[in-house]
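Listed here are the chains, written in short residue letters.
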Amino acid sequence: MTPIQTTKMSNFRWVICALLFLATTINYMDRQVLSLTWKDFIAPEFHWTDGDYGTITGMFSLFYAIANLFAGKFIDWMGTKKGYLIAIFVWSLGAVLHAGCGWVAMTVKGYDSIEALRMVQAGSDAAVAIASISVWLFLSCRLILAVGEAGNFPAAIKATAEYFPKKDRAFSTSIFNSGASVGALAAPATIPLLARAMGWEMAFIIIGALGFIWMGLWMWLYEKPRQNKRVNQAELNYIEQDNDLAEVQDRDAVKEEKTIPFLKCFTYKQTWSFLVGKFMTDGVWWFFLFWAPAYFSDQYGYTSDSPMGIALIFTLYAIVTILSIGGGYLPTYFVDKKGMNPYLGRMRAMFIFACFPVLGLFAQPMGAYSAWWPAILIGLLGAGHQAWSANLFSTIGDMFPKSTIGTIVGLGTMAGGIGSMSINLGSGKFFDWAAEQGANFSFFGFDGKPAAYMVVFCICAVAYLIGWCIMKALVPKYKPIELED
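Residues numbered from 1 in each chain as written. Predicted model: local features only at pLDDT ≥ 70, side-chain atom pairs only at ≥ 80, totals over all residues. Heavy atoms only, no water.

S.K.: If you had to explain the overall build of the protein to someone new, which residues and values would you point to?
M.R.: Each helix and strand in the protein was counted, giving 18 helices and two strands. In summary, the protein has a C-alpha radius of gyration of 23 Å against a globular reference of 23 Å for 485 residues, a match within 12%. With respect to the principal axes defined by its C-alpha atoms, the protein has extents near 75 × 45 × 40 Å. Residues counted as buried form 57% of the 485 residues belonging to the protein. (Helix = DSSP H or I, 4+ residues; strand = E, 2+ residues; numbered from the N terminus. Rg over C-alpha atoms; globule rule 2.2 N^0.38 Å. Buried < 20%, exposed > 50% of the residue type's maximum accessible area, 1.4 Å probe, protein only.)

S.K.: So what's going on with the pattern of salt bridges? Residues and values would help.
M.R.: Tallied over the entire structure, the rule returns 10 salt bridges. Put simply, lysine 449 and aspartate 50 hold a salt bridge, and the shortest N to O gap is 2.3 Å. Taken as a pair, lysine 449 in helix H18 (residues 448-474) and aspartate 50 in helix H2 (residues 50-78) lie far apart in primary sequence, 399 residues in all. Across the pair aspartate 76 and lysine 158 runs a salt bridge, and its minimum N-O distance is 2.8 Å. Of this pair, aspartate 76 sits in helix H2 while lysine 158 sits in helix H7 (residues 152-163), and the two are 82 residues apart along the sequence. In this structure aspartate 76 comes out as buried when scored by relative accessible area, which is 18%. Through salt bridges with shared partners, one network takes in Lys39, Asp50, Asp298 and Lys449. (Salt bridge = Lys/Arg side-chain N within 4 Å of Asp/Glu carboxyl O.)

S.K.: Now, about the nonpolar core: what can you tell me, with residues and values included?
M.R.: Counting residues in hydrophobic clusters, the biggest one holds 145 residues, and the most contacted among them are Trp48, Phe138 and Phe287. When residues of this core are assigned to their parent elements, the largest contribution, 17 residues, is made by helix H1 (residues 12-46). Sequence-distant contacts of phenylalanine 287, defined by excluding residues within four places in its chain, comprise Ala292, Ile423, Asn424, Ser427, Phe431, Tyr453, Val456, Phe457 and Cys460. (Core = buried A, V, L, I, M, F, W, Y, C linked by side-chain atoms within 4.5 Å. Contact = heavy atoms within 4.5 Å.)

S.K.: Break down unusual backbone geometry for me, with residues and values.
M.R.: Although it is not a glycine, histidine 47 sits at a positive phi angle of roughly 60 degrees. Relative to the elements of secondary structure, histidine 47 occurs in the loop between H1 and H2. Backbone geometry places phenylalanine 444, a non-glycine residue, at a positive phi of 55 degrees. Using a relative accessible area of 63% as the deciding quantity, one classes phenylalanine 444 as exposed.

S.K.: Please give an account of the side chain of serine 389 that cites residues and values.
M.R.: As for its position among the elements, serine 389 is in helix H16 (residues 372-399). Those residues in contact with serine 389 that lie beyond four places of it in its chain are Asn177 and Lys278.

S.K.: I'd love a proper account of the side chain of lysine 449, names of residues and values included.
M.R.: Owing to a relative accessible area of 14%, lysine 449 belongs among the buried residues under this scheme. Engagement of the side chain of lysine 449 in a polar contact is seen with the side chain of aspartate 50, the distance being 2.3 Å. In terms of polar contacts, lysine 449 uses its side chain to reach the side chain of aspartate 298, at 2.6 Å. (Polar contact = N/O pair within 3.5 Å; in protein donor to acceptor, adjacent residues only side chain to side chain.)

S.K.: Give a detailed account of the state of the cysteines, specifying residues and quantitative values.
M.R.: Counted according to the given criterion, the structure contains zero disulfides. Cysteine 458 takes part in no disulfide bond, and the closest cysteine sulfur to it belongs to cysteine 460, at a distance of 9.2 Å. (Disulfide = S-S within 2.5 Å.)

S.K.: Pulling in residues and values, what's your account of the packing of helix H11 (residues 269-300) against helix H17 (residues 405-437)?
M.R.: The N-to-C vectors of H11 and H17 enclose an angle of 40 degrees; their axes lie 6 Å apart at closest approach. In terms of orientation, H11 lies oblique with respect to H17. Our pair here, H11 against H17, has a crossing hand that is right-handed. For the contact of H11 with H17, the per-class residue count stands at 14 nonpolar, 10 polar and two charged. (Axes fitted to C-alpha atoms, helices over the stretch in contact; angles between N-to-C directions. Parallel < 35°, antiparallel > 145°, perpendicular 65-115°, else oblique. Left-handed = near helix turned anticlockwise from the far one by under 90°. Nonpolar A, V, L, I, M, F, W, Y, C, P; charged D, E, K, R; others polar.)

S.K.: So what's going on with a nonpolar patch on the surface? Which residues, and what values?
M.R.: Taken together, the side chains of Phe89, Leu93, Leu97 and Phe212 make up a nonpolar region of the molecular surface, amounting to roughly 320 Å² of accessible area. If you tally residues by element for the nonpolar patch, the top one is helix H3 (residues 80-97), at three residues. Among the residues examined, phenylalanine 212 registers a relative accessible area of 33% and is labelled partly exposed. (Patch = residues over 30% accessible without salt bridge, like charges linked within 9 Å, V, L, I, M, F, W, Y side chains within 5 Å. Areas by Shrake-Rupley, 256 points an atom, 1.4 Å probe, with all protein chains shown as cover.)

S.K.: So what's going on with the packing of aromatic side chains? Which residues, and what values?
M.R.: The geometry of an aromatic ring pair is captured by the separation of the ring centres together with the interplanar angle, meaning the angle of the planes. In the structure shown here, the tally under the stated rule is 48 aromatic pairs. Where tyrosine 84 meets tryptophan 214, the ring centres are 4.9 Å apart and the plane angle is 55 degrees; that geometry is what we call tilted. Highlighted residues: tyrosine 84 in helix H3 and tryptophan 214 in helix H9 (residues 200-221), separated in sequence by 130 residues. Residue tyrosine 84 is classed as buried on the basis of its relative accessible area, which comes to 0%. (Phe/Tyr/Trp six-rings, centres within 6.5 Å; stacked < 30°, edge-to-face > 60°.)

S.K.: Residue-level account of the confidence of the model for the protein, with values.
M.R.: Mean pLDDT for the protein: 85, with 93% of residues reaching 70 or above. Per-element confidence in the protein ranges from a low mean pLDDT of 70 for helix H13 (residues 329-338) to a high of 95 for H18. In the model, residues 1-6 has pLDDT below 50 throughout and makes eight contacts with residues more than four positions away in sequence or in other chains. Across residues 245-255 the pLDDT falls below 50, and counting only partners more than four positions away or on other chains, this stretch makes 21 contacts in the model. (pLDDT = per-residue confidence, 0-100.)

S.K.: Please give an account of H18 that cites residues and values.
M.R.: The periodicity of an α-helix, 3.6 residues per turn, causes residues three or four places apart in sequence to face the same way. Given a rise of 1.5 Å per residue, 27 residues ought to cover 39 Å, and the 39 Å separating the end C-alpha atoms of H18 matches this to within 8%. For H18, the principal kink sits at alanine 463 and spans about 35 degrees. (Expected span 1.5 Å × (residues − 1). Bend = angle between axes of the 7 residues up to and from the residue.)

Structure below.
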């Protein structure tokens, strides 16, 4: 047996954090393939409307929400290593299966080629039938994708709680959670170009295959800190500094914490605080993730594969990526420099981040001057969301025992999925209706579809402040849950 080093602390926890970051990046790239290809590549083949796309994104959010009701409990049951492996295998398989939707639709409807689908007259009964079967096919693939992706955050948050002490969790969470914005950043620079060069089908296949590569890395590198030979005693002591024991002297097993029964979780205000925070804000991020490429295409004529379209989306998520990572440090500053407890410091930081989305009110008006303004302002909104989200996840580790973290994350992500379903499904129908109304529908000086975008932007702008106020009312002070022996 290799002797345990005690003189210098190893830093293997950051390797685990890097793996979580990579998985989250792949997760969001898989999710983003559809939003970057539907308007300019898929919709012309299948004759989709905004309502069709809204149905797919909205139902995906519903599938995701339902799956999250069980995903956290599944991760707690299977354990972090096996649970994460199963989750990424399922979502990668679902991502790859999207590529077959065109062939199946063509075969079922009796057409000789994809081009024949495209040539069907728009608005005809045949076009409606093609749209209908293709929507159902994509919904089937999105169901598989959603079931797998539901396991990402419960597993990642659980791994973070296993490898980091409380004071570092917001920062480490902000790092792996930035994979969401990095994935969204890498996606516009790669996916539209893949779709143009090799077809939208290959974009799904290539991006989906990345998950299978990640599985090999996870199997090789991950073990719990006490069983991981890459973690020395000094690092283990650092990781477990929150334990009742002042210092861990050896690697003997610590008594397992009790798990809170599933239904009993709903009796705690701390649970409802997290659910409200996720419900009110996750839909905002998903709306911009799913609709930003279509927004720049609709409102400014920049398709997702055009140089300007790629530059706008890239800039948007570059702002999100750069600014959001620092958001995880702010509560650490409040704790270390101001002497606050972790929860109070986190809530103060979250109030600051809740003010960022208010900038979304100016995105549509400033777009009259240049498309760059909406890209910048939505990017700042997204940065606020990512910083908010990292700290929101960390409140679970502040309040709940490690044995129940996966379950609470799953419940919260379910609530976020329901919020996302509402805004995405509603937006698709709303945009179609507003486009039909034209000048008959006005809001804040905009008519038709631009007015509809303005309405949704206003909702997104105030959602965080409302969510923060409700959370603060439910849990005004730091109050961790203590289980009876």
